[in-house]
Amino acid sequence: MTDAASAAAALTVITGAAQAERAQQAEAPNAAPLLVAIDGPAGSGKSSVSRAAAERLGFGILDTGAAYRSLAWAAVETSADLDDSAAVAAILDVWTYAITLRGQQRVTVELGDGVVHDVTTAIRAHDVSGLVSRVSKHPEVRERLNEMFRRIVAESGLPGVVIEGRDITTVVAPDAPVRVLMTASPEVRAQRRAGELDGLTHAQVLADIEARDAKDAQVVDFFTPAPGVTLVDTSNLNFAQSVEAVVEIVRAAQGVAEESE
């Protein structure tokens, strides 16, 4: 792997006071990567489909949810009040967050004490998942993480980046040339999630999903695409068909871009 590829595969994003210094020192990339923005509710398939589509296209994949999960983990680790906006934002002043954009995902967090924690597995725990909405509800936190996401993409050095999560098509990357809203019925999403979460029944997962949908509905509409956003309903699509649908949308956009050059 070349030095450039290694840097793209383990891009470290520094928050807090070091942000301004790094921004001044960083060199502008030769060409902006093609950005593919994918939104969708939990269980819609957006994470696994986005990763597979990115691999097919030779792009990087940025899982924004991992940052919110890592922030929730960090809040618990430091005994911060997840419902206190200032307390959660204070973590962003000192932490160092890193995530791989290519290959197997690896997420690390350093909380200002020089100790690097590999949280790749820990942030996928069910108890951490239940805390995400408590940190993501703070406007300042969302704004600062959105800025971090944009910087990760801009500094990736990759030909393209698929960025997936929530608010991606409307807030994080509203000007992305490709924007997709991937959804599925609550029943189908619960069935998919139940297969990923040991010890939980379909009914329990469905209840969790419906509760999360209700919380999400207060800040984002996951079922009505914004103008210019392509809707992909995966309720009746298998995994391969879902991936192909996204790849076709991206390649169609690439074709239009090439014709306009």
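Residues numbered from 1 in each chain as written. Predicted model: local features only at pLDDT ≥ 70, side-chain atom pairs only at ≥ 80, totals over all residues. Heavy atoms only, no water.

A. Spatial organisation of the pattern of salt bridges. This model, assessed by the stated rule, comprises eight salt bridges. Here Glu 244 and Arg 56 are joined by a salt bridge, their closest N and O atoms 2.8 Å apart. Taken together, the residues span a long stretch of sequence, with Glu 244 in helix α12 (residues 239-260) and Arg 56 in helix α3 (residues 46-57) at a distance of 188 residues. Judged by its relative accessible area of 41%, Arg 56 falls in the partly exposed class. Across the salt bridge formed by Arg 124 and Asp 63, the nearest N and O atoms sit 2.7 Å from each other. Separated by 61 residues along the polypeptide, Arg 124 in the loop between β6 (116-118) and α6 (126-129) and Asp 63 in strand β3 (residues 60-63) bring together distant segments of the chain. Its relative accessible area of 34% is what places Arg 124 among the partly exposed residues. Via salt bridges that share partners, Asp 83, Arg 134 and Lys 137 belong to a single interconnected network. (Salt bridge = Lys/Arg side-chain N within 4 Å of Asp/Glu carboxyl O. Helix = DSSP H or I, 4+ residues; strand = E, 2+ residues; numbered from the N terminus. Buried < 20%, exposed > 50% of the residue type's maximum accessible area, 1.4 Å probe, protein only.)

B. Summary view of the side chain of His 138. Looking at the secondary structure, you find His 138 in the loop between α7 (132-136) and α8 (139-154). In this structure His 138 comes out as buried when scored by relative accessible area, which is 5%. Apart from the residues lying within four places of it in its own chain, the contact partners of His 138 are Leu 82, Asp 83, Asp 84, Ser 85 and Val 88. (Contact = heavy atoms within 4.5 Å.)

By themselves, these observations are geometric and do not establish any function.
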